[in-house]
Amino acid sequence: MLDTKTNNHTEPTLASGAALSPISYADALENYRKNTDWWVVFAAFDLPDFQPSPLWVSQRVKLPVDVVVEAMEGLAVLGYLRKENGAFYSIKGKDFVKFNVTSQKKTEVIEEHSLISHQIINQLTEDALMAVDHRCFASNVEILKELYSDVAKAFEKAYQASTEAKNKDRIFKMTFTAVDVLQGRDQ
């Protein structure tokens, strides 16, 4: 191959002519962690009437086609989907990852959780099926730890039941938040 700018000859490489994804792995991972639209696109692959077309997913989940395509391309970069002849297919054994926040700084956890919570809240509309609850009570850290353990188990139980369900007809986003409003206490 001749590089016309320098008149140098270069050898073709395996990447020559290959369509490389415009999404880097790091960008794809960050989007997967923080963009709940990507979660919805990934969950759509589990719907019983699924069709491996970005247009079908777009119409089914009410997201713009470009958002769906970006999510599918990114999920392919991450190894959750494979692309074949313009269609996307899930990779067996690849499930939604529960993100481990223990290695993150607290400010990063707060920022990420706030972003995700806002995305979920933005889905609350008058015609949406939803479940909500609000509570505020004086307590102690041991009761909160037990509550969180119960909530985490309930999330996992629902997730596991959903992986085995045959009649999947909904996609739910969910989050959990509890915060101590008394400042200055030992964490």
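One can find the structure itself at the top, above this paragraph.
Source: prediction; values computed, not measured.

*Asks:* Whenever I open this one, the packing of helix α1 (residues 25-34) against helix α2 (residues 36-44) confuses me. Can you help?
*Replies:* Each packed pair of helices is defined by two parameters, the angle between the axes and the distance between the axes. Between α1 and α2, whose axes approach to 5 Å, the crossing angle comes to 90°. Accordingly, the angle class assigned to the pair α1 and α2 is roughly perpendicular. Between α1 and α2, the contacting residues are Ala 28, Asn 31, Tyr 32, Arg 33 and Lys 34 on the first element and Thr 36, Trp 38, Trp 39 and Phe 42 on the second. Along the lines of polarity and charge, the residues of the contact of α1 with α2 split into 5 nonpolar, 2 polar and 2 charged.

*Asks:* I'm lost on the packing of helix α3 (residues 54-61) against helix α4 (residues 65-77) in this one. Help?
*Replies:* At a minimum axis distance of 9 Å, the contact between α3 and α4 shows a crossing angle of 120°. Judged on the interaxial angle alone, α4 and α3 are oblique. The handedness of the crossing between α3 and α4 is right-handed. Touching Pro 54, Leu 55, Val 57 and Ser 58 of α3 are Val 65, Val 68, Val 69 and Met 72, all from α4. Taken together, the residues of the contact of α3 with α4 break down into 7 nonpolar, 1 polar and no charged.

*Asks:* How do you make sense of the nonpolar core when you look at a structure like this?
*Replies:* Side chains of a nonpolar character, in soluble globular proteins, are inclined to be buried together. With 27 residues, the main nonpolar core has Tyr 32, Val 41, Val 57, Met 72 and Leu 75 as its most contacted residues. No other element matches α2, which puts 6 residues into this core. If we skip the residues at most four places from it in the chain, Val 57 touches Val 41, Ala 44, Phe 50, Gln 51, Lys 62, Val 68 and Met 72.

*Asks:* What is the right way to read unusual backbone geometry from this model?
*Replies:* The general pattern is negative phi for most residues beyond glycine and trans for most peptide bonds. With a phi close to 60°, Lys 62 is a non-glycine residue in the positive phi region. Along the chain, Lys 62 falls in the loop between α3 and α4. Using a relative accessible area of 70% as the deciding quantity, one classes Lys 62 as exposed. Positioned with a positive phi, Asn 85 is a non-glycine residue whose angle comes to about 55°.

Conventions and cut-offs
- Residues numbered from 1 in each chain as written.
- Predicted model: local features only at pLDDT ≥ 70, side-chain atom pairs only at ≥ 80, totals over all residues.
- Heavy atoms only, no water.
- Axes fitted to C-alpha atoms, helices over the stretch in contact; angles between N-to-C directions.
- Helix = DSSP H or I, 4+ residues; strand = E, 2+ residues; numbered from the N terminus.
- Parallel < 35°, antiparallel > 145°, perpendicular 65-115°, else oblique.
- Contact = heavy atoms within 4.5 Å.
- Nonpolar A, V, L, I, M, F, W, Y, C, P; charged D, E, K, R; others polar.
- Left-handed = near helix turned anticlockwise from the far one by under 90°.
- Core = buried A, V, L, I, M, F, W, Y, C linked by side-chain atoms within 4.5 Å.
- Buried < 20%, exposed > 50% of the residue type's maximum accessible area, 1.4 Å probe, protein only.

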